[in-house]
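# Structural features, examined
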Amino acid sequence: MALGATIHTFTVQLADVDRGVYDELALRVARHPSETEAYMMTRVLAYCLEYEEGIAFSEGISSTDEPAVLVRDLTGRVTVWIEVGAPDAERLHHGSKLADRVTVYTHRDPAKVRAPWAGKRIHHVEDITLHSFAPGFVDAAVAALERRNEMTVSVTERELYLDLNGTSLSSPILDHPAV
């Protein structure tokens, strides 16, 4: 019998001073057995850092034609394509043709994530931004992860302050061009 997804809940106090976004979020996040905790944590952080009306998690690993997180307008059109991890050039090309904006959040070495994209055809690659965090930041967050999580996310001058279940962490949000 195949293992099912593990459900994690997050009660999030979000204060993104840079964007003027303040909200309380209640998230239920399914972690597929093949998904690492670091990937899931990065997915949750991407959701919080990109939070706006119409944002949603996709169907996850089972959905090959959608990113990890996306934003739709009121007509259902995808306006923001948010990838997590190390997507291939084909996915970025597809997302860039479909959405107004494409961005990637990674818990991996950004140079290693970008390297396979070099020389590949990616629609409007110059407009795609790769975001990463300080080395060890996501791993430290994963160490504090539980099934039920209380989380505070604050962003000021591109510095991320995270309190997860009583563990306080911080990291700059590092921006890298896609090529």
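Data block above holds the structure.
A brief structural summary. (Residues numbered from 1 in each chain as written. Predicted model: local features only at pLDDT ≥ 70, side-chain atom pairs only at ≥ 80, totals over all residues. Heavy atoms only, no water.)

### Topic: the pattern of salt bridges
Selection rule: Only one rule defines a salt bridge in this text: a Lys or Arg side-chain nitrogen within 4 Å of an Asp or Glu carboxyl oxygen. Helix numbering and strand numbering both begin at the N terminus, where a helix is a DSSP run of H or I of at least 4 residues and a strand a DSSP run of E of at least 2. Burial classes follow relative accessibility: with a 1.4 Å probe on protein chains only, a residue under 20% of its type's maximum area counts as buried, one over 50% as exposed, and anything between as partly exposed.
What the rule picks out here adds up to eight salt bridges. For Glu-66, the salt bridge is made with Arg-72, and the minimal N-O distance between the two is 2.8 Å. The shortest N-O distance in the salt bridge between Arg-158 and Asp-175 comes to 2.7 Å. Here the residue Arg-158 occupies a position in the loop between strand S8 (148–156) and strand S9 (159–164), and Asp-175 occupies one in strand S11 (residues 174–177), the gap between them amounting to 17 residues. Residue classification places Asp-175 among the partly exposed residues on the basis of a relative accessible area of 43%. Because the salt bridges share partners, they merge into one network encompassing Asp-73, Arg-77 and Asp-100.

### Structural notes on the sheet that holds strand S4 (residues 69–72)
Rules: Two strands pair under a simple rule: DSSP has to find at least two bridges between them. All axes here are fitted lines through C-alpha atoms, helices being fitted over the stretch that makes contact, and every angle between N-to-C directions spans 0 to 180 degrees. Residue contacts are defined here by distance: any two heavy atoms, one from each residue, within 4.5 Å place the two residues in contact.
Spatially, the six strands line up as an open sheet ordered S3-S4-S5-S6-S7-S11, and their pairing is mixed. With one partner strand each, in any of the chains shown, strand S3 (55–57) and S11 form the two edges of the open sheet. Ignoring strand direction, the axes of neighbouring strands in this sheet form an average angle of 25 degrees. Note: S4 against strand S5 (residues 78–84), four bridges, orientation antiparallel. Following the sheet pairing, Val-69 is matched in S5 by Ile-82. Along the sheet, helix H2 (residues 89–98) contacts S5 and strand S6 (101–105); its crossing angle with S5, the most-contacted strand, is approximately 160 degrees.

### As for the side chain of Ser-58
Rules: Residues adjacent in sequence count toward polar contacts only when both atoms are side-chain atoms; beyond that, a polar contact is any pair of N or O atoms within 3.5 Å, and within protein one must be able to donate a hydrogen and the other to accept it.
With respect to the helices and strands, Ser-58 occurs in the loop between S3 and S4. Ser-58 sits in the buried class, given a relative accessible area of 12%. Side-chain polar atoms of Ser-58 contact the backbone oxygen of Pro-67, separated by 2.6 Å. Among all residues touching Ser-58, those that are not within four sequence positions of it are Glu-66, Pro-67 and Ala-68.

### Details of the side chain of His-8
With respect to the secondary-structure elements, His-8 resides in strand S1 (residues 6–16). Under the relative-accessibility criterion, His-8 is labelled buried at 4%. There is a polar contact of 3.0 Å between the side chain of His-8 and the backbone oxygen of Glu-146. With near-sequence residues (within four places) excluded, His-8 lies in contact with Leu-27, Arg-28, Val-29, Arg-31, Met-40, Leu-145, Glu-146, Arg-147 and Asn-149.

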